[in-house]
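Coordinate analysis (summary)
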Amino acid sequence: MSELPDGGAGGNGQDEAAAFASPAKRLRRSPALEPTSVLYNRSPSPPTSSSLVSSAAPEPPPISAEDWEAVLSGGDMAAPPAAARSQDASFLRWIMDADAQVDAFDPFLPCQETAVVEPFLQPQLPLPVADDLEPGATVDELLEAVRRADAGDSTGAREILARLNHRLPSPPGHPHPPLLRAAAHLRDALLRVLVTSAPAPAAVSTTPLDVALKVAAHRALADASPTVQFANFTSTQALLDALGTARRVHVVDLDVGFGGRWAPLMQELALQWRRAPVSPLPPPCLKVTALVSPGSSAHPLELHLTHQGLTRFAADLGISFEFNAVAFDPLDPLPPTGLSVAPGDAVAVHLSVGSGVPSAATLRVVKQLRPAVVVCVDHGCHRGDLPLSHHALSVVRSSAAFLESLDAAGAPADAVARLEEYVVRPRVERLLLGDRMPPWRTMLDSAGFAPVQLSNAAEAQAECLVRRTPTPGFHVEKRQAALALRWQDSELVMVSAWRC
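This report concerns the structure included in the present document. (Residues numbered from 1 in each chain as written. Predicted model: local features only at pLDDT ≥ 70, side-chain atom pairs only at ≥ 80, totals over all residues. Heavy atoms only, no water.)

1. Observations regarding the side chain of Ser235
Following the sequence through the fold, Ser235 ends up in helix H10 (residues 227-243). Among the residues examined, Ser235 registers a relative accessible area of 7% and is labelled buried. Apart from residues no more than four positions distant in its own chain, Ser235 is found in contact with Val375, Val377 and Val495. (Helix = DSSP H or I, 4+ residues; strand = E, 2+ residues; numbered from the N terminus. Buried < 20%, exposed > 50% of the residue type's maximum accessible area, 1.4 Å probe, protein only. Contact = heavy atoms within 4.5 Å.)

Shown next, in the form of structure tokens:
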């Protein structure tokens with residue numbers, strides 16, 4: 001595999017062009033500096049499909065399309081110096097060479113020691129489904145149950161769900177149609193609220209075994225779907241564009257998960273530090289504060305693994321790192337105790353719509369932090385502004401499209417089963433059973449936030465990611481100031497940036 005060029009964040013245009021130059025030809029440079037790309041280790045961004053179409057009289061792109069494709073297809077790329085190469089251990093190169101053996105940060109590494117759970121990860125045979133059960137008709141029955149429940153006819157809704165409960169097992173599993181499997185998750189969510197009257201959200205990790213199984217599910221998601229890399233790299237690029245050369249960065253994350261999304265940012269801070277023209281400088285500092293709500297599915301072990309994994313990676317990079325978990329009630333108008341910003345810190349906030357829609361109180365707290373940027377990741381299925389039956393249909397369609405993309409990618413049946421249990425099912429329950437709120441974009445607008453245009457670099461690396469995905473059917477769509485990853489005609493994930 002060719003080494004990626006290792007350029008600094010503040011490098012000049014000559015250094016960047018030399019890094020990409022081949023013996024046969026040198027690449028053209030734009031006279032104006034552009035945002036640089038995390039995917040190409042600080043390289044100038046190439047022309048994108050939208051920029052080529054929308055620009056009326058553009059100046060020449062920094063790198064021609066022909067030259068850029070030559071680079072991507074494996075042309076000569078200058079290797080970084082030996083001293084820098086020793087620390088260039090980033091999972092960014094997953095995209096550049098899927099078979100490369102990179103000693104990279106793995107947010108799930110601490111759980112590799114828990115091999116005792118392997119017997120629980122074996123695939124299970126799918127349960128039988130009634131022969132006459134047609135996915136479209138099943139969804140229609142479920143939507144009728146939703147309409148009756150929304151109208152107060154809980155008895156009629158239970159009758160429909162009881163009929164489906166005998167004919168549609170939970171979960172039906174692979175190789176049953178994705179729409180049927182998504183319908184089963186919707187049926188279970190409705191049963192949860194109509195029969196058990198249990199509050200949402202569900203799927204809380206209550207034991208270390210639950211955590212290990214959840215880790216396996218998220219690892220399988222990262223391996224099987226480009227949605228994880230798309231969200232992580234696009235978010236990181238938005239942060240880099242907004243934070244510039246800040247050396248003290250404080251990130252507030254309302255859905256920290258296992259922390260894998262922060263590894264690219266940590267490496268970029270380290271690269272900027274190593275390439276700084278003034279030497280020696282103290283190492284940069286990254287602080288991650290995880291806001292953990294009372295209804296969160298995070299087990300204390302999850303936060304421990306997140307802390308451990310990110311701390312280990314920061315130590316390898318030689319940068320300063322701090323991790324804090326702060327209890328946060330999104331319905332409490334008072335700011336959470338323990339959340340503070342030190343003078344001189346550049347603040348960024350990460351919101352994930354797939355883990356619940358941010359409340360008005362949440363946005364007030366975010367605004368009080370005076371962040372340089374708020375990055376929002378939307379998993380494409382929240383329509384709380386619609387009638388409940390329409391919202392339920394949106395959730396089912398989005399979940400079915402996600403499952404269809406996994407099937408098309410050839411993901412193993414056992415991995416898909418874990419994903420359905422620990423990713424799809426909780427997401428369906430949170431979105432369907434959570435509080436009904438206006439669209440999150442409307443809430444951000446009302447709270448005084450304005451969208452920020454994502455850079456050409458963000459769009460370029462997203463398109464490169466899709467081109468290097470072996471499964472056809474994924475494509476990037478530019479939606480006003482945001483970027484969306486779509487499977488066929490369905491949106492899987494969208495990333496946008498906002499500023500006060």
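Now, onward.
2. Points about the pattern of salt bridges
Scanning the entire structure with this criterion turns up 18 salt bridges. Between Arg181 and Glu420 there is a salt bridge; the shortest N-O distance is 2.9 Å. Of the two residues, Arg181 is situated in helix H8 (residues 178-196) and Glu420 in helix H15 (residues 413-433); the sequence distance between them amounts to 239 residues. The salt bridge partner of Lys214 is Glu302, with a shortest N-O separation of 3.3 Å. (Salt bridge = Lys/Arg side-chain N within 4 Å of Asp/Glu carboxyl O.)

3. Topic: the packing of aromatic side chains
Here the structure, examined in full by the defined rule, presents two aromatic pairs. Measuring from centroid to centroid gives 6.1 Å for Trp440 and Trp498, while their planes differ by 70 degrees, and the two rings are edge-to-face. Placement of the pair is Trp440 in helix H16 (residues 440-446) and Trp498 in strand S11 (residues 490-499), with a sequence separation of 58 residues. Trp498 matches Trp440 in its accessibility class, with the two residues each being buried. (Phe/Tyr/Trp six-rings, centres within 6.5 Å; stacked < 30°, edge-to-face > 60°.)

4. Side note on unusual backbone geometry
At Gln480, a position not held by glycine, the phi torsion is positive, near 55 degrees. As for its position among the elements, Gln480 is in the loop between strand S9 (474-479) and strand S10 (482-487). The phi dihedral of Gln488 is positive, around 55 degrees, even though this residue is not glycine. The exposure class assigned to Gln488 is partly exposed, which follows from its relative accessible area of 39%.

5. Side note on the environment of Ala290
Here Ala290 shows up in strand S4 (residues 285-292). Residue classification places Ala290 among the buried residues on the basis of a relative accessible area of 1%. C-alpha of Ala290 to C-alpha of Leu339: the two residues are 49 residues apart in sequence and 9.6 Å apart in space. Every residue in contact with Ala290, bar those within four places of it in the chain, is listed here: Asp253, Val256, Phe323, Asn324, Ala325 and Val326.

6. Notes on the packing of helix H9 (residues 208-224) against H15
As a packed pair, H9 and H15 sit with axes 8 Å apart at the nearest point and diverge in direction by 115 degrees. Helix-helix and strand crossings are classified by hand; for H9 and H15 the assignment is left-handed. Across the interface between the two elements, Asp210, Leu213, Lys214, Ala216, Ala217, His218, Ala220 and Leu221 from H9 touch Ala415, Arg418, Leu419, Tyr422 and Val423 from H15. For the contact of H9 with H15, a count of residues per class yields nine nonpolar, one polar and three charged. (Axes fitted to C-alpha atoms, helices over the stretch in contact; angles between N-to-C directions. Left-handed = near helix turned anticlockwise from the far one by under 90°. Nonpolar A, V, L, I, M, F, W, Y, C, P; charged D, E, K, R; others polar.)

7. Focus on the nonpolar core
Membership of the largest hydrophobic core comes to 89 residues, with the highest contact counts inside it found for Phe230, Met266 and Leu286. There are two domains that each give this core at least three residues, and those are domain 1 (135-195) and domain 2 (208-384 + 437-499). Ignoring any residue separated from it by four or fewer positions in sequence, one finds Met266 in contact with Leu286, Leu310, Phe313, Ala314, Leu317, Ile319 and Phe321. (Core = buried A, V, L, I, M, F, W, Y, C linked by side-chain atoms within 4.5 Å. Domains from an automatic or database assignment.)

8. What to know about the pairing of strand S6 (residues 346-352)
Among the seven residues of S6, seven are classified as buried, and the element is accordingly described as predominantly covered. Burial of the side chains of S6 extends over both faces: Ala346, Ala348, His350 and Ser352 are buried on one face and Val347, Val349 and Leu351 on the other. Note that strand S3 (residues 248-253) and S6 share five bridges and pair parallel. Opposite Val249, over in S6, you have Ala346 as the bridge partner. (Pairing = 2+ DSSP bridges.)

9. A word on helix H17 (residues 456-467)
Look at H17: 17 Å from first C-alpha to last across twelve residues, which is about the 16 Å you get at 1.5 Å a residue. Among the twelve residues that make up H17, eleven are buried, leaving the element largely enclosed by the rest of the structure. Turning to H17, its buried residues are Asn456, Ala457, Ala458, Glu459, Ala460, Gln461, Ala462, Glu463, Cys464, Leu465 and Val466. (Expected span 1.5 Å × (residues − 1).)

10. Looking at the environment of Gly344
Position of Gly344 relative to the elements: it lies in the loop between strand S5 (320-327) and S6. The exposed category is assigned to Gly344, whose relative accessible area is 69%. Separated by 95 residues in sequence, Gly344 and Val249 have C-alpha atoms that sit 8.9 Å apart.

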